[in-house]
Structure formats: structure tokens, C-alpha cells
Amino acid sequence: MKRFLPAVVFFVCLFPFRQGFAQQKADHPVRIEIPAKSDDESHKIIPCGPSGVVLFFQSVEKVNDTLTKWYFSLYDQNLKPQWLKFIPLPSNMQLKDFRFLNNQVVLLFMNTSAKEKTMKFQVVRLTIPDGTFKGNTGNLPPEADFVSFSVIRENALIGFNEKNEAAKVKILDMATGISAIFPWNTGNASTLTGLEYDSISGKILGYVKKQWVKNKYEFYVVEMDLSGKISREVLISDQMHVKYILDLHTVSLNEREMIAYGGYSSGLTKSAGKNLLMAPATGFYFFRISGDVVQKSSFINFLSMSNAAFTGDREIGSLKKKVAKKGNAQVEYSLDYPVIIHPLTRYKDQWMLLGETFTPQFHTESYTDFDFYGRPFTNSFRVFDGYRFTRGILAGLDNEGNLVWDNSLEILNLVSFDLSKKVNIFLTGGDNLALSFLSQGKIGYKIIKADQVLEKLDFSPLEMMNPEDKLLDETKSNMIRWYDHYFLCSGYQQVKNINAAENKKRMVFYFEKVRFQ
């Protein structure tokens, strides 16, 4: 039976880390532990393919009153440390985003101080494997709201919005330091939701939404070159205005043809007008585009999927009956789950579209107070616990966007304060697919072949640094693809060694290499 297993290595780490990195011992899993005081610390890892993995974090060490040390270290495929270096950055700088390409990590930092009159940023380039740094500094308008970061060869792209103005992008030539700001449209105010580099056309694609009536938005794909010239603008919308696009993603087929896809809603609520990602989703959409015209549009309601069952939803049966009675009527019934969309990928001669559903989770806390006369009364308030991820929904589509098959993965015990993608999809060999996620020190996985379930949901626990270690809690769990059949799991863990004399608990940031076998 195929499953996710901890990678095991036979070596001893002798690299003299100054920050208290735990040493790897012989015959132990390929795992690194770093002491942490809380899960609010800034440790992050960047998988760099066969070249290794980069760990970085903001330390508490000061260079002077205004500069703080950020440490970077490279580990090889066996998580054996190669080098450790630091760079000084302004203490009020915060990491916004990063990219890895062409054996180089490019990171974007921005100042977080409200006292600054301008929005300052720094772009840091780290070359793998020698660990050399280069950097650029610059400014954005003081009221800029950062949205997206990308890199094209020697150019860094910073997309941002300004209130009541057109969305903009700053293009920085990192080799010369020359930069310029360009709007994504003329005239009316707009909002940028994302940007990326299209390697086929060599252009920048901006995803822009514009309000056409109150609380109603239309999306556009805007194509721009590095000189700021707009060459194409495509409206992505249901022309009848009965279905509303919630987010926008694209994949190019050639220089003139592309596919736009994402989640849609059968009706937006007022509260979801500004944050479409939090709007309840009805299903997936799939548009084929030629030139600047949508040639084919397809909408797949989650309720039309036979295998994407939503455990715990008592009304599923009655909703499906209502849908069947309505037939092709414009009004749709919906499960009303927000959805996070993954990149569209190929599977044999079809497309695979994966989405993750989630719901905000709260709990109620109460306390007793006393009024002016000393009489007790109870006050209650809701506390936000994070977003509970519920299910991965996978749709197999033909080249016209028609649903061919579907499947799903139930996500258990995963609550997060960030809305990053949690589910991995991996082609294991032949036509088999592994769907997986990490939560509370265990990898949940399911093996499928299109709509067939080959292995039901099962769990593989991660190995700890010592056999006597017991996992008490884990936060900020993350599982990402590294190279070949290998993945990296990371997060903050509270660990207790049951055989230690003092039986002490410890908080660590860890990352661990696992393989699918």
C-alpha cells in the first residue's frame, strides 16, 4: 500500500549554529527543530528543488537602533546545513511575499510603521547555493494597499491598490534600480486581485475587478508588457448577470487563447461585496477565451457532483431535489461554502480543478459582571478561532469545461488563521492521484483514480526527533511539494518528552522531509 512515510537519514549534524538549532542524530527522521517561544515567530521555509531548502526568520538581535538581523540558512536534500548567513533590515520591515526561480530566492519586505509618510520596501535576492545577497529599495504611495508580488527575469512586480483610483503595478528593474508605476486601466476606480507572468506571451497578466452597480463586480484579465503598455483587456463575466465571479485565475494555451477559471456564486450578499473570497460559492466556472472574447463558458454547481459529498450537511438531499425540479432555471441552490482555488492542471487529456472549502469558526466566552446596585449579570462575546477547512473538491473537466468526473477529500481537524492552500495533489504513477493534507502531526491522504477511490482516507503520523517525544499541539501546519516524491512538513509544535527527568514541555518550529512511497 502506498503511503506517506518519514524520510530517514544516517548522519550527524556538526554545523555550529548560533541560534540553538537542534542537532540531527543518527537513525532519526530527517527533521530539524528550532526552539521557539511562541507560534508568533517568523520562521519560514522555501523549497528550492534538488538544490535544497532555505530556512529564514527575523531574530531578536539588533545591529543598531533601527536595524535587525534576519538569518538565512541553506539545507541540502538530507536537511544537512550548508551555510548560515544574516542580513540587516529595518526593524519595521515585514515579509510580504517571496518567489523562487532560476536558483534564486527573491523576497519582498515592506515597512509596517503607520508613522512613515511613504510605503518603503526592499527587494532582497538570495542566490543558491553560494548564499550571496543583492538588494533594491524603493517607495510606494503612502496609502498603497499591497496585493501581489511576482518576478520576471530581472524585474520585480509589485501590484497594489489605492482608494478610489485605478489599480496599479510598480515594475522595478533589479539590475539598474530603475522603476515606474503603471495603472491597469484608465478612468474609473478598479481593484487588483492578483498578477502573474505569462511565459507564453511574455506579458504580465493583471486580474482586475470593477464595480458596475452597488455590490456587483465584473472581472477583467488585463495584459500588459514591461513598458506598461496594455495590449488586451478581456471581460470575464456571465453576461446575464445571474452568476458572479468570486476570483479569477488563468492558464494560457497560446498567445491568443487562454482559460479563465475559479469559483462563482449564484448571488452575492452585501457583506461579501468587498471580500469576494469570503462570499459563499455555488461552484466552479471555466471560460475558454480567444483574443479578447469569451468563446465558451461553463458553470459546475457543487450539487451536480456525485462524489463531492459534504459530510454533515443534512440538507444536501433536499437541495439536490430542488435543483432537479428547477432544471435549467436561472435561480440556483448552493451549499454556500467559500472556496480557495488551486492552479488548473492537466490529467491525461483533461483538466483538473481543485478547490478547498472552509468556514469561519467561533466560540462563545462569558464572564460575570455587576451593575450599579451590585446585581450580577452575564456578558457574552464571540471569539474567532480561525478558518476550519472542511473539504477538497476535485473536478475533472474536458477541454470545453464540461464535468467528466469528480472526487473529494474530507479535511479533518484543520483550523488555521490564514487562507493558504492546505491540500496537495500528486500524480503517484500511472493515473493514480494522492490527495493529502497535514494536521496535528499527521498526514491525511486518500488515493484515487479519477472518480474511483483506491484507498480511503488514512493517516500517517510524522516521526518525532526522539521516540520518547509526545506531540501535545501543533499550529500553522503546512505541507508543500519539494522534489520528486518528497514533501516538506512544517509548523510549530508543543512537545513533551515523557522520559525526561523534569518532564518539561518545549515549543519548537520544525520542518521534516517525507516521501510518498
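Residues numbered from 1 in each chain as written. Predicted model: local features only at pLDDT ≥ 70, side-chain atom pairs only at ≥ 80, totals over all residues. Heavy atoms only, no water.

1. Notes on the overall build of the chain
(1) Moving on: In terms of regular secondary structure, the chain is built from 1 helix and 36 strands.
(2) Moving on: Evaluated residue by residue, the chain yields a buried proportion of 49% over its 517 residues.
(3) Moving on: Taking as baseline every contact in the chain between residues at least 6 positions apart, the subset at least 24 positions apart corresponds to 51%.
(4) Moving on: Accessible surface, the chain as shown: approximately 24600 Å² in total, 49% of it carbon and sulfur. (Helix = DSSP H or I, 4+ residues; strand = E, 2+ residues; numbered from the N terminus. Buried < 20%, exposed > 50% of the residue type's maximum accessible area, 1.4 Å probe, protein only. Contact = heavy atoms within 4.5 Å. Areas by Shrake-Rupley, 256 points an atom, 1.4 Å probe, with all protein chains shown as cover.)

2. Thoughts on the sheet that holds strand β32 (residues 442–449)
(1) Moving on: Pairing within the open sheet is antiparallel, and its 4 strands lie in the order β30-β31-β32-β33. What marks the edges here is a single partner per strand, and that holds for β30 (424–429) and β33 (452–461). Taking each pair of neighbouring strands and ignoring which way they run, the sheet shows an average axis angle of 25°.
(2) Moving on: Pairing between strand β31 (residues 432–439) and β32: 7 bridges, direction antiparallel. Looking at β32, one finds that A434 is bridged to I447. (Pairing = 2+ DSSP bridges. Axes fitted to C-alpha atoms, helices over the stretch in contact; angles between N-to-C directions.)

3. Digging into the environment of S477
(1) Moving on: Checked against the element boundaries, S477 lands in strand β34 (residues 469–483).
(2) Moving on: For S477, a relative accessible area of 15% translates into the label buried.
(3) Moving on: For the pair S477 and Y510, spaced 33 residues apart in sequence, the C-alpha separation works out to 9.9 Å.
(4) Moving on: Other than its neighbours up to four places away in sequence, S477 contacts K422, L438, S439, Q440 and S490.
(5) Moving on: A polar side-chain atom of S477 sits 2.5 Å from a polar atom in the side chain of E474. (Polar contact = N/O pair within 3.5 Å; in protein donor to acceptor, adjacent residues only side chain to side chain.)

4. Description of a nonpolar patch on the surface
(1) Moving on: A cluster of nonpolar side chains, namely F362, F384 and F417, defines an oily patch on the protein surface of about 310 Å² accessible area.
(2) Moving on: Relative to the elements of secondary structure, F362 occurs in strand β26 (residues 350–370). (Patch = residues over 30% accessible without salt bridge, like charges linked within 9 Å, V, L, I, M, F, W, Y side chains within 5 Å. Salt bridge = Lys/Arg side-chain N within 4 Å of Asp/Glu carboxyl O.)

5. Side note on the nonpolar core
(1) Moving on: Core analysis: the largest hydrophobic core is formed by 23 residues, its most contacted members being F284, F302, M305 and L344.
(2) Moving on: Broken down by secondary-structure element, the contributors of at least two residues to this core are β21 (257–265), β22 (283–290), β24 (339–341), β26 and β27 (376–397).
(3) Moving on: A total of 3 residues in this core trace back to one element, the largest contributor, which is β27. (Core = buried A, V, L, I, M, F, W, Y, C linked by side-chain atoms within 4.5 Å.)

6. Structural notes on the pattern of salt bridges
(1) Moving on: Summed over all chains, the structure comprises 15 salt bridges.
(2) Moving on: A salt bridge links E33 to R31, with the shortest nitrogen-to-oxygen separation between them at 3.0 Å. Each member of the pair, E33 as well as R31, is classed as buried.
(3) Moving on: With its nearest N and O atoms 3.2 Å apart, the salt bridge here joins R506 to E33. Note that R506 is positioned in strand β36 (residues 505–516) and E33 in strand β2 (residues 31–35), a separation of 473 residues in sequence.
(4) Moving on: A relative accessible area of 25% means that R506 is categorised as partly exposed.
(5) Moving on: Beyond isolated ion pairs, a larger network of salt bridges with shared partners links R31, E33, D469, R506 and E512.

7. Observations regarding the confidence of the model for the chain
(1) Moving on: Per-residue pLDDT for the chain has a mean of 87; in total, 87% of the residues score no lower than 70.
(2) Moving on: Below a pLDDT of 50 lies the segment residues 9–27, which in the model reaches 49 contacts outside its immediate sequence neighbourhood of four places, other chains included. (pLDDT = per-residue confidence, 0-100.)

8. Brief notes about the environment of S148
(1) Moving on: Within the element layout of this structure, S148 appears in strand β11 (residues 145–152).
(2) Moving on: Under the relative-accessibility criterion, S148 is labelled buried at 9%.
(3) Moving on: In this structure the C-alpha to C-alpha distance between S148 and L192, which are 44 residues apart in sequence, comes to 8.5 Å.
(4) Moving on: Ignoring sequence-local partners within four residues, the contact set of S148 consists of L157, I158, G159, G194 and L195.
(5) Moving on: A polar atom in the side chain of S148 sits 3.4 Å from the backbone nitrogen of L195.

9. Quick notes on the pairing of strand β7 (residues 93–101)
(1) Moving on: Bridge count between β7 and strand β8 (residues 104–111): 8 bridges; the pairing is antiparallel. Across the sheet, residue M93 finds its bridge partner in β8, namely N111.
(2) Moving on: The turn linking β7 back onto β8 is made up of 2 residues, and N102 within it adopts a positive phi angle of 50°.

10. With respect to the sheet that holds β8
(1) Moving on: Read from one edge of the open sheet, 4 strands run β7-β8-β9-β10, paired in antiparallel fashion. Since the sheet does not close on itself, it has two edges, and those belong to β7 and β10 (132–140), each with one partner. Geometrically, the sheet is characterised by an average inter-axis angle of 20° between neighbouring strands, direction not taken into account.
(2) Moving on: As judged from the 7 bridges shared by β8 and strand β9 (residues 119–127), these two strands associate in the antiparallel manner. Counted as the bridge partner of V105 is L126 from β9.

11. Structural notes on the packing of aromatic side chains
(1) Moving on: Scanning the model with the defined rule gives 27 aromatic pairs in all.
(2) Moving on: Members of the aromatic cluster, joined through ring pairs, are F56, W70, F72, F98, F109 and F133.
(3) Moving on: The ring of Y220 is capped by K210, whose NZ or CZ atom sits 4.4 Å from the centre of that ring.
(4) Moving on: Taking NZ or CZ as reference, R382 lies 4.0 Å from the ring centre of F362, over its face. (Phe/Tyr/Trp six-rings, centres within 6.5 Å; stacked < 30°, edge-to-face > 60°. Lys NZ or Arg CZ within 6 Å of the ring centre and 35° of its normal.)

12. Here's the deal with the pairing of strand β17 (residues 216–224)
(1) Moving on: Most of β17 sits inside the fold, with 9 of its 9 residues counted as buried.
(2) Moving on: What you see with β17 is no split at all: K216, E218, Y220, V222 and M224 on one side and Y217, F219, V221 and E223 on the other are buried throughout.
(3) Moving on: Two elements, strand β16 (residues 203–213) and β17, share 9 bridges in a ladder whose sense is antiparallel. Residue pairing in the sheet places Q211 in a bridge with Y217 of β17.

13. A word on the side chain of T68
(1) Moving on: With respect to the secondary-structure elements, T68 resides in strand β5 (residues 67–75).
(2) Moving on: Since its relative accessible area comes to 3%, T68 is described here as buried.
(3) Moving on: Of note is the side chain of T68, whose polar atom sits 3.2 Å from the side chain of K62.
(4) Moving on: The residues touching T68, leaving out its near neighbours within four places in the chain, are Q58, S59, E61, K62, I87, P88, L89 and S91.

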